[in-house]
Amino acid sequence: MHRLLIVIAATGSAALLLGALGFQYIGEMAPCKLCYWQRYPHAAAAGIGVLALIFPGAVLPYLGALAALSTAGVGVYHTGVERGWWEGPSTCTSGPVGGLSPDQLMEQIMAAPLVRCDEVPWELFSLSMASWNAIASFGLALIWIAAANHARKQG
């Protein structure tokens, strides 16, 4: 049961990450800075899941829960920015600029899409992707915690 919970939680994070990439590359919806911030913990949770299958114990599942709670927290923050409840980040994301000439840098700036964190590009049942990520990630955190508790009871 412990291993099944880990597989479900890690696969859930991997699926959410792949879904975000699908919206970006297939749906052509460029992500904002907060969208990127929500992706990193999902990647960490997927990696933690692989490690947790190799190394038994409760520590790694608790770290997986922390990763899921991290992305859920960013999702809640992003939702608040989208709804105008509070201010979002004041900086934009960009690609690497090292080694670019001034002309190349200007070309990169002019070609970059402007993606605002306070605009909702897609929603379902009046909930944005950030909101759905928060809900799903809180659920994944519960699964991670169940896996950790199960591991603690076993040994």
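Here is what the cut-offs are and how they apply
Residues numbered from 1 in each chain as written. Predicted model: local features only at pLDDT ≥ 70, side-chain atom pairs only at ≥ 80, totals over all residues. Heavy atoms only, no water. Helix = DSSP H or I, 4+ residues; strand = E, 2+ residues; numbered from the N terminus. Polar contact = N/O pair within 3.5 Å; in protein donor to acceptor, adjacent residues only side chain to side chain. Contact = heavy atoms within 4.5 Å. UniProt positions renumbered as here; feature names shortened; annotations may be inferred. Phe/Tyr/Trp six-rings, centres within 6.5 Å; stacked < 30°, edge-to-face > 60°. Buried < 20%, exposed > 50% of the residue type's maximum accessible area, 1.4 Å probe, protein only. Expected span 1.5 Å × (residues − 1). Core = buried A, V, L, I, M, F, W, Y, C linked by side-chain atoms within 4.5 Å. Axes fitted to C-alpha atoms, helices over the stretch in contact; angles between N-to-C directions. Parallel < 35°, antiparallel > 145°, perpendicular 65-115°, else oblique. Left-handed = near helix turned anticlockwise from the far one by under 90°.

### A word on the side chain of S13
Inference 1: Structurally, the position occupied by S13 is in helix 1 (residues 2–25).
Inference 2: Within the structure, S13 has its side chain in polar contact with the side chain of H42 (distance 3.1 Å).

### Regarding the side chain of Q24
Inference 1: Inspection of the secondary structure puts Q24 in helix 1.
Inference 2: Reaching out from Q24, the side chain makes a polar contact with the side chain of Y25 at a distance of 3.3 Å.
Inference 3: Among all residues touching Q24, those that are not within four sequence positions of it are M29, P31, Y36 and R39.

### Some details on the UniProt feature "transmembrane region" (unreviewed entry) in the protein chain
Inference 1: Summarizing the sequence annotation, UniProt attributes the feature "transmembrane region" (unreviewed entry) to residues 129–147 in the numbering used throughout.
Inference 2: Along residues 129–147, the helical share is 100% and the strand share 0%, with 26 Å between the first and last C-alpha atoms.

### What about the packing of aromatic side chains?
Inference 1: Scanning the entire structure with this criterion turns up two aromatic pairs.
Inference 2: A centroid spacing of 6.4 Å and a plane angle of 5 degrees characterise the contact between Y77 and W86, whose relative ring orientation is stacked.
Inference 3: Look at W86 and you get partly exposed, because its relative accessible area is 38%.
Inference 4: Here the aromatic residues Y77, W85 and W86 are joined through ring pairs into a cluster of three or more.

### Notes on helix 2 (residues 33–54)
Inference 1: Here helix 2 is 22 residues long and its end C-alpha atoms lie 33 Å apart, about the 32 Å a rise of 1.5 Å per residue gives.
Inference 2: Residues of helix 2 that are buried: K33, L34, Q38, R39, P41, H42, A45, I48, G49 and A52.
Inference 3: Buried residues along helix 2 sit against helix 1, helix 3 (59–83) and helix 5 (129–154).

### Quick notes on the nonpolar core
Inference 1: I6, A68 and W144 are the most contacted members of the largest nonpolar core, which totals 15 residues.
Inference 2: Secondary structure elements with two or more residues in this core: helix 1, helix 2, helix 3 and helix 5.
Inference 3: Here W144 is in contact with I6, A9, A10, A45, I48, G49, L60, P61, G64, A65 and A68, once residues within four sequence places are set aside.

### Digging into the environment of W37
Inference 1: Residue placement: W37 occurs in helix 2.
Inference 2: Look at W37 and you get partly exposed, because its relative accessible area is 37%.
Inference 3: Between the alpha carbons of W37 and T71 there is a distance of 7.5 Å; along the sequence they are 34 residues apart.

### Considerations on the packing of helix 1 against helix 5
Inference 1: Across the interface, helix 1 lies against helix 5 with an axial gap of 8 Å and an inter-helix angle of 160 degrees. Looking at the two axes, helix 1 sits roughly antiparallel to helix 5. Crossing handedness for the pair helix 1 and helix 5: left-handed. Where helix 1 approaches helix 5, its residues H2, L5, I6, I8, A9, A10, G12, S13, L16 and F23 are matched on the opposing element by M129, N133, A136, S137, L140, I143, W144, A146, A147, H150, A151 and Q154.

### Considerations on the environment of W86
Inference 1: By secondary structure assignment, the location of W86 is in the loop between helix 3 and helix 4 (102–111).
Inference 2: Placed 32 residues apart in sequence, W86 and D118 show a C-alpha to C-alpha distance of 9.7 Å.
Inference 3: Beyond its immediate sequence surroundings of up to four residues, W86 is in contact with V76, Y77, G80 and V81.
Inference 4: One polar contact links the side chain of W86 to the main-chain carbonyl oxygen of Y77, over a distance of 3.0 Å.

### Here's the deal with unusual backbone geometry
Inference 1: Notably, E28 is not glycine yet its phi reads approximately 55 degrees, a positive angle.
Inference 2: As for its placement among the helices and strands, E28 is situated in the loop between helix 1 and helix 2.
Inference 3: Overall, the relative accessible area of 70% leaves E28 in the exposed class.

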